[in-house]
Amino acid sequence: MFQIHTIPNMERFLSLVARSRGRVLLHLPDNSQHDLKEDSALRQLFQSMEPGREGVRISLSDPSDIPAFINYIIGI
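Residues numbered from 1 in each chain as written. Predicted model: local features only at pLDDT ≥ 70, side-chain atom pairs only at ≥ 80, totals over all residues. Heavy atoms only, no water.

Once that is clear, we can look at the nonpolar core. Within the largest apolar cluster, 18 residues are counted, with the highest numbers of intra-cluster contacts made by Phe13, Leu36, Phe46, Ile58 and Phe69. Top contributing element to this core by residue count: helix H1 (residues 10-19), with five residues. Beyond its immediate stretch of four places on either side in the chain, Phe13 contacts Ile4, Ile7, Leu36, Phe46, Ile58, Phe69 and Tyr72. (Core = buried A, V, L, I, M, F, W, Y, C linked by side-chain atoms within 4.5 Å. Buried < 20%, exposed > 50% of the residue type's maximum accessible area, 1.4 Å probe, protein only. Helix = DSSP H or I, 4+ residues; strand = E, 2+ residues; numbered from the N terminus. Contact = heavy atoms within 4.5 Å.)

In structure tokens, the structure reads:
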């Protein structure tokens, strides 16, 4: 699971989500999980939000997606 505190380029992040092989789950404070890749309404809501101090938590169902997300997080 990743905790992201800033998303400097939302378009690039959502493109990464779309290209991922597996599910990209957004973990909400109520302990529910929603797939950013499959839920277009959630993606629209996600675009308008700021992670803030708490950040946002995501997890990936396919381990082969991890390197691309790490590269995004560290700015490569």
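Turning to the pattern of salt bridges, a few remarks are in order. Inspection of every chain in the model, using the stated rule, returns one salt bridge. Between Asp35 and Arg23 there is a salt bridge; the shortest N-O distance is 3.6 Å. One end of the pair, Asp35, is in strand E3 (residues 33-35); the other, Arg23, is in the loop between H1 and strand E2 (24-27), with 12 residues separating them in the sequence. Exposure remark for Arg23: the relative accessible area of 46% places this residue in the partly exposed category. (Salt bridge = Lys/Arg side-chain N within 4 Å of Asp/Glu carboxyl O.)

Attention shifts here to H1. Within the sequence span of H1, burial applies to Met10, Phe13, Leu14, Leu16 and Val17. Along the axis of H1, the buried positions cluster into a sector of 150°, meaning they face one direction only. Seen from the open side of H1, the exposed residues pointing more than 90 degrees away from its buried face are Glu11, Ala18 and Arg19. For H1, the side-chain oxygen to backbone nitrogen distance between the N-cap and Glu11 is 3.3 Å, and the N-cap itself is Asn9. (Arc of directions from axis to C-beta. Polar contact = N/O pair within 3.5 Å; in protein donor to acceptor, adjacent residues only side chain to side chain.)

By themselves, these figures tell us nothing about what the structure is for.
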